[in-house]
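Here is how the chains run, residue by residue.
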Amino acid sequence: MVDAFLTAAGENACGTHGPHPGDAAADLAVQLATRYADGHAVVLTDEPTIVDLDLEARLRAAGAAPLRPTDRDWRAALPNAGAAITGCVLAVAATGHVVVAAGPGTPRAASLAPPAHICLVHAERVVPTIGDALAVLDAGDLPSALIWVGGPSRTSDLEMRPTIGVHGPRTVDLIVISA
Amino acid sequence: MAHGLATPGRTFRDRAARALDDSGLQRALRNLDVRLGTAAEVERDMRPVKDRAASIRRETLADLDGWLERLEAALTARGVTVHRCATPAAARAVVASIAREVGAHVVVKSKSMATEEIDLAEALEAVGFDAVETDLGEYVVQVAGERPSHIITPVIHKTLDQIAAVLSEEAEESLPVDRGALTDWVRTHLRERFLEAGLGVTGANFAVAETGTLVIVTNEGNGRFCTALPRVHVAVVPVEKVIPRFADLATLLPVLTRSATGQRLSNYVSMISGPRRAGEQDGPEELHVVLLDHGRRRLIGTPYEAMLACIRCGACLNVCPVYRRVGGHAYDSVYPGPMGEVLTPLLSAGLSGRDLPAASTLCGACTEACPVEIPLADLIARLRADLRSPDPVEADARRPHARRSGFGAWALVWSSPRGYRASTIVTRLLGAGVAPARAVRWRRRLLGVGGWTATRDVPVPARRRFRDQWSTRS
Amino acid sequence: MPPVALFVTCVVDLVTPDTGFAAVRLLEAAGCEVVFPAGQTCCGQPAVSAGEPEAARRLARHFVKVFEPFETVVAPSGSCAAMVHHWYPELLDGAWRRRAESVAARTYELSQYLVEVLGRTDLGATVDGTVTVHDACHGLRHLGVRDAPRVLLTAAGATVVEMTEAETCCGFGGTFGVGHGVLAGALADDKLGYAAATGASCVVACDQACLLHLEGRRRRGTVGPAPTHLADLLAAGLP
């Protein structure tokens, strides 16, 4: 199922990586983020995947500047950030989407404003279909916003030819963390 | 629907003729993909999903008011302010008053046919707000002072050269005729507007009654910005967007995006359940939903109820031979193509789009393409009859055509073999003895086929009818 | 086998009676006895197209009266047969609707009847050369007539080459063809262009109205293969 997810995501023009053990996945995320950010800040979310793998320390060790949602100037600094690393609550094999949830520490704009989005996906969070994802999401306890991300921002408005990067991230890299 | 930016030409026929002569438009329309997402194997896989989608839509319409009450209760429970608006004017007033309270100069909009329907951007501009369309195609259309010509790809009527020219004028510099460069310019330019906007306005593709969730599908991410950064978010949601259950999205989302763009699922799907919660760093502090009726609920229980199942995928536009030849502006309505031919006269109670149902060959490609089984061609044919009345929804079946068409007399004569034989002697004479020039003139007069002879030779009636030859067949 | 009642259609009766006789010859080649109910007139479709359901209803009832005595009704027109199938039950109520549904269940387009009902593909006709098929809308979408004309042509020895957008409307569209003549002409040009690109010597359809519309355009200079009714082409190739 992880293979199917990565294949579908690849078809959506995502960079696909893994499955890797947690440490290797975290190192790859930092390596990609540092390269994409090119000296600009790297947005991190405050969610277990990011905190447990201590992405902040890894970024600093790599010489990058992390920007956390709890930082006082988060909103002001966001427009200049060069990349973001987030986790996700689910991933859908049939479509290649990851589902990110808004909440304290996981702002909506984190995976949206920076030109590069790197998403860490726990292999056990990959479900087969959209219907499976909706069932897992639990209608009784929905977060204020769930964002399904299928790949880099795109448009077909110019003569129906796909063009990447119109508003949101120009690149989306999905790194699966092996179970 | 009345709106400020009229397309030249008083009738569909005038505008269509103009469109056929517009070489730039004709070039641009070739980009339209008729077979979008309808490859045979995709169609086979999608068929059962479409059947389920149609059944969910029917179920919803069977108790529309009930589902709306449940939706309103669920939204309210989530801290959303619900405004029920019967008319576009009421909806515009609500949004303008919210914008004033927010005190925001800049209002960012994501693409929404409902806001087009109520002329929201123009209304906000008129009272001093800077209402910015942020979908790339909508932005080009807004900058050009035009209207979208397609409900999914608003600027399909322009070639890349033309789009580059529009954006160059706005940028006050010469932008290259290059997709990447134009996209980059729009990205940079609109990013500033997202950051300074106090109000975000969107539509919604679905509104889930069970959970009070608004679902917005986009590819560009502008809808995400509109619902992430501004302090207040207003969603304009026509009443038929309600769906019963969260789980129904598993059916309706792929059906919508397959039919709209050929994608398995659109790039982004936002499921918004209420405003920002305690401890969250972004998202709107206030969320308003404008539930817009505008002539919809009165269609329930009429032969036009099925039209409310429409999920605005645009598939009927893409397959319509007429739409593909003339583009959306010829319809001079927010809703073009087959769905527009039905919706425009219905929503306006017959005040707009009265000549649109005639703009169809009734070929049925729209009915075939519709993922939620709306019998579009049948509804178009029915409207031709019901538009004999001022308001097609309250049509009087006995009302004759304002212009006497002669069909009644024709049917009377042709429902008897003797009448048929007698009347068709005329055509035989025309086919036989009469001099050609005079024959053509007479045929025109008798058959009312001037519209035919302008572009095609009229078939010449046979000297002896089949029935005459049959009776003497050995 | 009970006789087949030919519904020749008003267009064929008045404009191209040869097509009617071609249909008769094909049915006879398939072993049918053909009768022509003399009371028949028009199916009423122009009235539906014009938004005149009352006029259509009157003709629908007339059609039902004329054809209900027969076991089988065959028309050399997908559109007229589709009118009976699709619109009569919509137009009529009560007993009239039941009678219409009963007649509709026995009403067929010619190629559909030969291939799907009789199971005949080779009627002994010979057609040389390359042809392309235009799927006329109502036969295609209301009756599912898609394979039958191709099967008959192939069995007669013709090479059937598919044109781009074979299933797209030719632009005739009943009252549309009159009220929107310019647009109808443009759509005919598209159709003839696609047909010409196949190199076929004729564009074959099972609906005379579409073909007359295409031919009318051709006579104004649009280049394209000869619009030809399936029955005419096949019957010309009978021994």
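Reading the values: the criteria
Residues numbered from 1 in each chain as written. Chains lettered and ligands numbered in written order. Predicted model: local features only at pLDDT ≥ 70, side-chain atom pairs only at ≥ 80, totals over all residues. Helix = DSSP H or I, 4+ residues; strand = E, 2+ residues; numbered from the N terminus. Buried ≥ 20, exposed ≤ 12 C-beta atoms within 10 Å, placed from the backbone. Contact = placed C-beta atoms within 7 Å. Rg over C-alpha atoms; globule rule 2.2 N^0.38 Å. Nonpolar A, V, L, I, M, F, W, Y, C, P; charged D, E, K, R; others polar. Pairing = 2+ DSSP bridges. Core = buried A, V, L, I, M, F, W, Y, C linked by C-beta atoms within 7 Å. Expected span 1.5 Å × (residues − 1). pLDDT = per-residue confidence, 0-100. Axes fitted to C-alpha atoms, helices over the stretch in contact; angles between N-to-C directions. Parallel < 35°, antiparallel > 145°, perpendicular 65-115°, else oblique. Left-handed = near helix turned anticlockwise from the far one by under 90°.

*Asks:* Hey, could you run me through the overall build of chain B in this one?
*Replies:* Regarding its fold elements, chain B presents 22 helices and 10 strands. The proportion of buried residues among the 474 residues of chain B is 55%. At a minimum sequence separation of 6, the contacts of chain B that also span at least 24 residues come to 72%.

*Asks:* Is there a simple way to explain the overall build of chain C in this structure?
*Replies:* Looking only at helices and strands, chain C has 13 helices and eight strands in total. Over its C-alpha trace chain C gives a radius of gyration of 17 Å, about what one expects of a compact globule, namely 18 Å for 239 residues. Its C-alpha atoms put chain C at 50 × 40 × 25 Å along the principal axes. Taking the contacts inside chain C whose residues are at least 6 apart along the sequence as the reference set, 79% of them involve residues at least 24 apart.

*Asks:* Honestly, the interface of chain A and chain B in this entry has me stumped. Any pointers?
*Replies:* Interface size is commonly expressed as the accessible surface area that is lost when the partners come together. Across the boundary between the two partners, chain A contributes 41 residues, which contact 54 residues of chain B. Of all elements in the fold, only α6 (130-137), β9 (145-149) and β10 (154-155) of chain A reach the threshold of two or more residues within the side of chain A that touches chain B. Per-element accounting of the side of chain A that touches chain B gives the leading share, five residues, to β9(A). The class makeup of the residues in the side of chain A that touches chain B is 22 nonpolar, 14 polar and five charged. In the sheet, β9(A) pairs with strand β9 (residues 268-272) of chain B via five bridges, with the strands oriented antiparallel. Within β9(B), the residue paired with L146(A) across the bridge is M271(B).

*Asks:* What should I look at first to understand the nonpolar core in this one?
*Replies:* A general trend in soluble globular proteins is that nonpolar side chains are found buried together. Counting residues in each nonpolar core, the largest one holds 298 residues, and the members touching the most others are A33(A) and V42(A). With near-sequence residues (within four places) excluded, V42(A) lies in contact with A33(A), A37(A), L59(A), A64(A), A65(A), P66(A), L67(A), A81(A), G82(A), A83(A), A84(A) and I85(A).

*Asks:* What's the story with the interface of chain B and chain C in this structure? I'm lost.
*Replies:* Contacts between the two partners involve 50 residues from chain B and, on the opposite side, 52 residues from chain C. Those elements giving two or more residues to the side of chain B that touches chain C turn out to be α1 (12-21), α14 (321-326), α16 (365-369), α17 (376-386), α18 (407-414), α19 (417-431), α21 (450-453) and α22 (466-471) of chain B. At six residues, the largest contribution of residues to the side of chain B that touches chain C is made by α18(B). A breakdown of the residues in the side of chain B that touches chain C according to their chemical character gives 29 nonpolar, 11 polar and 10 charged.

*Asks:* What am I meant to see in the arrangement of the chains here?
*Replies:* Among the two pairs of chains that make contact, the interface with the largest number of contacts is formed by chains B and C. Chain A makes no contact with chain C; the smallest distance between any of their C-alpha atoms is 20 Å.

*Asks:* Please explain the pairing of strand β7 (residues 116-122) of chain A as it appears in this structure.
*Replies:* It is a general feature of regular strands that their side chains alternate between the two faces of the sheet. Residue and element names in this part refer to chain A. The buried fraction of β7 amounts to seven of the seven residues, a majority that puts the element mostly inside the structure. Burial of β7 is two-sided: the residues A116, I118, L120 and H122 facing one way and the residues H117, C119 and V121 facing the other way are all buried. Where strand β4 (residues 83-86) meets β7, three bridges bridge the pair, whose relative direction is parallel. The residue bridging T86 from the neighbouring strand is C119, located in β7.

*Asks:* Looking at this structure, I do not really get unusual backbone geometry. What am I missing?
*Replies:* Excluding glycine, a negative phi dihedral is what most residues carry, and trans is how most peptide bonds are arranged. Here the residue pair G18(A) and P19(A) is connected by a cis peptide bond, since its omega of 5 degrees sits within 30 degrees of zero. Tracing the backbone through its elements, the reader meets P19(A) in strand β1 (residues 15-20). For M160(A), which is not a glycine, the phi torsion comes out positive at approximately 65 degrees. Examined against the element boundaries, M160(A) turns out to sit in the loop between β10 and β11 (163-164). Residue D119(B) is not a glycine yet carries a positive backbone phi of 55 degrees. The class for D119(B) is buried, based on 21 C-beta atoms found within 10 Å.

*Asks:* I keep staring at helix α2 (residues 17-29) of chain C and nothing clicks. Help me out?
*Replies:* Side chains three or four residues apart in an α-helix point the same way, a direct result of the helix having 3.6 residues per turn. Residue and element names in this part refer to chain C. With 13 residues, α2 should reach 18 Å at 1.5 Å per residue; the first-to-last C-alpha distance of 19 Å fits that figure. Buried within α2 we find P17, T19, G20, F21, A22, A23, V24, L26 and L27. Phi turns positive one or two residues past the end of α2, at G31, with a value near 95 degrees.

*Asks:* Please clarify how the confidence of the model for chain C should be interpreted in this entry.
*Replies:* Low pLDDT marks stretches whose predicted atomic positions should not be read closely. Per-chain confidence: chain C averages 96 in pLDDT, with 100% of residues scoring 70 or above. This prediction of the complex comes with two scores: 0.95 for pTM and 0.98 for ipTM.

*Asks:* Any chance you could explain the sheet that holds strand β3 (residues 130-133) of chain B here in plain terms?
*Replies:* In sheet architecture, strand pairing relies on hydrogen bonds along the backbone and comes in two forms, parallel and antiparallel. Residues and elements named next belong to chain B. Strand order in the open sheet formed by six strands is β1-β10-β7-β4-β2-β3, and the pairing between neighbours is parallel. Edge positions in the open sheet fall to β1 (81-85) and β3, since each of these has one partner strand only. Adjacent strand axes in the sheet meet at a mean angle of 20 degrees, parallel and antiparallel pairs treated alike. Pairing between strand β2 (residues 106-109) and β3: four bridges, direction parallel. Note on β3: the bridge partner recorded for K109 is E133.

*Asks:* Explain the packing of helix α11 (residues 181-197) of chain C against helix α12 (residues 208-218) of chain C to me, please; I cannot follow it from the model alone.
*Replies:* When two helices pack together, their arrangement is given by the angle between the helix axes and by the axis-to-axis distance. Residues and elements named next belong to chain C. Where α11 contacts α12, the two axes come as close as 9 Å, and the packing angle between them is 90 degrees. The orientation of α11 relative to α12 falls into the category roughly perpendicular. Across the interface between the two elements, A184, G185, A188, D189, K191 and L192 from α11 touch H213, L214, R217 and R218 from α12. Considered class by class, the residues forming the contact of α11 with α12 number four nonpolar, two polar and four charged.

*Asks:* Just checking my understanding: could you explain the environment of R108(A) for this structure?
*Replies:* By secondary structure assignment, the location of R108(A) is in the loop between β6 (97-101) and β7. In this structure R108(A) comes out as buried when scored by C-beta crowding, with 27 C-beta atoms within 10 Å. Taking the C-alpha atoms as reference, R108(A) lies 16 Å from G151(A); in sequence the two are 43 residues apart. With sequence-adjacent residues up to four places away left out, R108(A) is seen in contact with A102(A), A145(A), I147(A), R224(B), A228(B), D282(B) and G283(B).

*Asks:* What's the story with the sheet that holds strand β7 (residues 202-205) of chain C in this structure? I'm lost.
*Replies:* All names here are of chain C. Judged by pairing direction, the sheet is parallel, and its four strands sit side by side in the order β6-β5-β7-β8 without closing on themselves. Edge positions in the open sheet fall to β6 (159-160) and β8 (226-229), since each of these has one partner strand only. The pairing of β7 with β8 spans four bridges and is parallel. Across the sheet, C202 pairs through a bridge with A226, a residue of β8.

*Asks:* What is the right way to look at the pairing of strand β7 (residues 232-238) of chain B in this model?
*Replies:* The buried fraction of β7(B) is high, at seven of seven residues. Every second residue of β7(B) is oriented toward a common face, with V232(B), V234(B), V236(B) and P238(B) on one face and H233(B), A235(B) and V237(B) on the other, all of them buried.

*Asks:* Help me out: how do you make sense of the environment of Q142(B) in this one?
*Replies:* All names here are of chain B. Here Q142 lies in helix α8 (residues 136-143). A tally of 23 C-beta atoms within 10 Å means that Q142 is categorised as buried. As for Q142 and V166, which are separated by 24 residues in sequence, their C-alpha atoms are 10.0 Å apart. Excluding residues within four positions of it along the chain, Q142 makes contact with A121 and E133.

*Asks:* Help me understand the packing of helix α4 (residues 53-67) of chain C against helix α5 (residues 78-91) of chain C in this model?
*Replies:* All names here are of chain C. As a packed pair, α4 and α5 sit with axes 10 Å apart at the nearest point and diverge in direction by 110 degrees. In terms of orientation, α4 lies roughly perpendicular with respect to α5. Seen from above, α4 lies across α5 with left-handed handedness. Along the contact surface, α4 presents P53, A56, R57, A60 and F63, while α5 presents V84, W87, Y88 and L91.

*Asks:* Before we go on, may I ask you to explain helix α12 (residues 249-261) of chain B in this structure?
*Replies:* Residues and elements named next belong to chain B. With 13 residues, α12 extends 17 Å between its outermost C-alpha atoms, agreeing within 8% with the 18 Å of an ideal straight helix rising 1.5 Å per residue. Counting buried positions along α12 yields 12 of 13 residues, so the element is predominantly enclosed. Turning to α12, its buried residues number three or more, namely L249, T251, L252, L253, P254, V255, L256, T257, R258, S259, A260 and T261.

*Asks:* Looking at this model, I keep getting lost on the environment of E68(C). Mind explaining?
*Replies:* Residues and elements named next belong to chain C. Examined against the element boundaries, E68 turns out to sit in the loop between α4 and β3 (72-75). We classify E68 as partly exposed; it has 14 C-beta atoms within 10 Å. Sequence separation of E68 and R106 is 38 residues, and the distance between their C-alpha atoms is 9.1 Å. Among residues more than four places away in sequence, those in contact with E68 are R99, S102 and V103.

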